[in-house]
Amino acid sequence: MSTPRAVPVSLAEIARLAGVGRAAVSNWRRRHPSFPARIAGTDVNPQFSLTDIENWLRENKKLKKSAEREWLWPRFEALGGRDETGAAIAEVGRRLAVRDGAGQPAYPKETAALIERAVDLGRREGGPETFAFLLRRWLDVHVRQIATTPEPLASLMADIATHVADVDGGLTAMDPACGTGHLLMAVTEATRADRGALTLLGGDRDPVLAALAEARLTLAGEVPQREPARIDVRGGDSLRDDPFADAPADIVLCNPPFNERDWGYEELATDSRWSHGLPPRTEPELAWVQHCLAGLRPGGAAVLLLPPAVAARKAGRRIRGSLLRTGQLKAVVALPPGCAAPHSVSLHLWVLRAPAAGEEAPVGGHLLVADGVSRFPRDPGREWAPDWAAIGDFLRETLGGPVPDEGSAHVRRVPVIELLDDEVDLTPGRHITPSSADSAPRLAASWREFKELTTNMTKSARLLAALELASAAQDTPTATTVAELARAGALTLRGGQQPPETAVRTGTPSAEDIPLLTVPDLLSDGVPRGHLAADDPAVRDAVIAEPGDIVVVGVARAFSAWVHEGVPTALGAQLHAVRVQPEQLDAWFLAGSLRAPANVRQAGTHATSSSRIDVRRLQVRQVPLREQRRYGEAFRELAAFEQLARRTAELGGDLVHDLGDELAAGRLAGGA
């Protein structure tokens, strides 16, 4: 019998635990009177007792023979908020690492029992794997609150730092804002085979994150082939109270908090770390840059992930200038958007090196700048995800080999004297001019595409211009609405919904993954930013637009309707899928009729660009199917013309920009 402390689970969670689809669970609920009653939620989104569900599945021989850890997670999630659950998971990791319960904090009886159960499972099925599963689920639930560095980027930062640093023998690595330890884990993996003693130092002002990082690193350090790493992770604000002020590191990796004004400006005004100047209140990232430099031993290297504004904001130009004059800033790399959160901007990697003992500041030095944005351009017509192998090869080659003074299309060694102007702008794209050898093939390809587009546009325009439009309709057909057509069975209307945050992925999709289209995507460039794993339970609840379906946008500022012709795509909130009965309706005719501007005025909830559109009220003329198909062909041609015109305008703008640069650089052949 359910108790007030019963662990609630949804239909989707039951489906995952049982290894079936949500429809099967709904079917069990309807067909079996013994199916447990809901303990919370509504009839549409009910919640059930996990214990009752487990017992029912076992009694009815439907219990999935899967890893027990799947049954653990709902119980951890029910412990309370973010901190309560995170602390319990950290304790599981600590216990698995130290192999005993010594020093265990006092937990409520129920929490202590759950920790013990997880520890027992970890000792049977693998401690690192069990802890990693719980940590991954916890991070997925709190993805909007906790920023993490993607594993491929963390590995790349670790590789760069160890390459730049002058290190012999053992290695000490530090991350003063370590979070759950992604960057330090990358150091562990990168140095496992070819280094001696390894020391990992981490700090984070969130004690829960620090505890999780310590447990994670300790478990990862238990490798029989090497000496266990010395791990020291402490909670606390590294800027205000540096816990490792007397423990210099060989490398420092950091993905610091962005745009935080309350970083300690008043308290730290006379701090000795500001050798390049007191960071302005509005430049917390430059405080982290100097903090990381101060934590390096001579010859050590630091790599930081920073927002692009740090390279150009006026308030920080004096500190940037000092970093250049002393030669401690070695490289600035612009990563293509999408490599890490926030995914819409091009984040920068700053590579710094502390001078070795007796080393003097270079005279006439250079700054290496690399523009990954132009090197890995995004195709607006396709879904894009970072090609980490190619990005890694590009940066390793750039930072590991000689770069000619004249640079290339994406890399340049910029003389420091050239940068020390009134702005001290270090944005890579501002200092790299494509060479003629690099730009000529690109321009030639663009002109070929432009010629093909204009040819197709001319053909499409000729067809559309030949359409004869009557001055006025003799008999205006009656109009009907989407709601009336749905009631008549001529179409089905389904409203999209936003999947749970834990189900939406933003990394590189597999061939089986399903793109997720949202209104923000449409307001940007129309390319889906997220996707759903094909085997995720959220897919069973998602509205999928199949080829031939009509997609209708339900907000005025992005209102449109089109026949979907791509791969099956999940629809987010305020997007609707309409599927017609082809013997009654022509899809192209319906889509073209629905997107008429008059429909916005007819179906909008109020007269602003943010108003919602009641798709059921959208109108369409009632005409015979043969007439629908005649209009449908015209609508199809009009849609093709629209796409051609949009792409032609984009490519034309690019050609004007690129060719203008070439002419301004004096690259017009021939002449006197």
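The following paragraphs examine the structure supplied in this document. (Residues numbered from 1 in each chain as written. Predicted model: local features only at pLDDT ≥ 70, side-chain atom pairs only at ≥ 80, totals over all residues. Heavy atoms only, no water.)

**Some remarks on the overall build of the protein chain**
Each helix and strand in the protein chain was counted, giving 22 helices and 23 strands. Buried positions account for 47% of the 672 residues belonging to the protein chain. Sequence separation of at least 24 residues holds for 74% of the intrachain contacts in the protein chain that already meet a minimum separation of 6. When the accessible area of the protein chain is evaluated, it comes to approximately 33000 Å², of which 52% is carbon and sulfur surface. (Helix = DSSP H or I, 4+ residues; strand = E, 2+ residues; numbered from the N terminus. Buried < 20%, exposed > 50% of the residue type's maximum accessible area, 1.4 Å probe, protein only. Contact = heavy atoms within 4.5 Å. Areas by Shrake-Rupley, 256 points an atom, 1.4 Å probe, with all protein chains shown as cover.)

**Regarding the sheet that holds strand 19 (residues 550-553)**
In space, the four strands of this open sheet follow the order 14-22-19-20, with antiparallel pairing throughout. Strands with a single pairing partner mark the edges of an open sheet, and in this sheet they are strand 14 (491-495) and strand 20 (561-563). Each strand axis lies, on average, 20° off the axis of its neighbour in the sheet, ignoring direction. With five bridges joining them, strand 14 and strand 22 (residues 575-580) adopt antiparallel strand pairing. Counterpart to Leu-493 in the pairing with strand 22 is Val-578. (Pairing = 2+ DSSP bridges. Axes fitted to C-alpha atoms, helices over the stretch in contact; angles between N-to-C directions.)

**Describing the environment of Ala-190**
With respect to the helices, strands and loops of the structure, Ala-190 is situated in helix 9 (residues 182-190). Ala-190 gets classed as partly exposed once you look at its relative accessible area, which sits at 33%. Placed 32 residues apart in sequence, Ala-190 and Ala-158 show a C-alpha to C-alpha distance of 7.1 Å.

**Quick notes on unusual backbone geometry**
Note the cis peptide between Ala-341 and Pro-342, where omega equals -5°. Among the structural elements, Pro-342 can be located in the loop between strand 9 (329-334) and strand 10 (348-353). The phi angle at Asn-259 is positive, at roughly 55°, despite the residue not being glycine. In this structure, Asn-259 sits in the loop between strand 7 (249-254) and helix 11 (284-294). Phi is positive for Gln-574, close to 65°, though the residue is something other than glycine.

**Examining the packing of aromatic side chains**
Geometrically, a pair of aromatic rings is defined through the distance of the ring centres and the angle of the planes. Evaluated as defined, the whole model comprises eight aromatic pairs. Judged by centre distance (5.5 Å) and plane angle (85°), the rings of Phe-35 and Phe-48 are edge-to-face. Of the two residues, Phe-35 is situated in the loop between helix 2 (22-31) and strand 2 (40-41) and Phe-48 in strand 3 (residues 46-49); the sequence distance between them amounts to 13 residues. Judged by relative accessible area, Phe-35 falls into the buried class, the value being 8%. Under the relative-accessibility criterion, Phe-48 is labelled buried at 0%. Taking NZ or CZ as reference, Arg-375 lies 4.6 Å from the ring centre of Phe-376, over its face. Note that Arg-621 overlies the ring of Tyr-631, its terminal NZ or CZ placed 4.7 Å from the centroid. (Phe/Tyr/Trp six-rings, centres within 6.5 Å; stacked < 30°, edge-to-face > 60°. Lys NZ or Arg CZ within 6 Å of the ring centre and 35° of its normal.)

**Quick notes on the environment of Ala-220**
Among the secondary structure elements, Ala-220 is positioned in helix 10 (residues 207-220). Taking the C-alpha atoms as reference points, Ala-220 and Pro-128, 92 residues apart in sequence, are found 6.8 Å from one another.

**So, helix 9**
Burial within helix 9 is extensive, with seven of its nine residues counted as buried. Taken together, the buried residues of helix 9 touch helix 7 (127-141), helix 8 (151-164), strand 4 (171-175), strand 5 (198-204), helix 10 and strand 7.

**With respect to the pattern of salt bridges**
Under the definition given, this model contains 29 salt bridges. Among the ionic pairs, Arg-616 bridges to Asp-614, the shortest N-O distance being 3.1 Å. A single network of salt bridges, built from pairs that share partners, joins Asp-237, Arg-240, Asp-262 and Glu-267. (Salt bridge = Lys/Arg side-chain N within 4 Å of Asp/Glu carboxyl O.)

**Structural notes on the pairing of strand 8 (residues 296-306)**
Burial within strand 8 is extensive, with nine of its 11 residues counted as buried. As paired strands, strand 7 and strand 8 are joined by five bridges and run parallel to one another. Following the sheet pairing, Val-252 is matched in strand 8 by Ala-302. What joins strand 7 to strand 8 is helix 11, and the crossover it makes is right-handed. Judged from the six bridges that link them, strand 8 and strand 10 form a sheet pairing that is antiparallel. Each residue of the ladder has a partner; that of Leu-305, found in strand 10, is Leu-349. (Right-handed = clockwise from strand over helix to strand, strands pointing away.)

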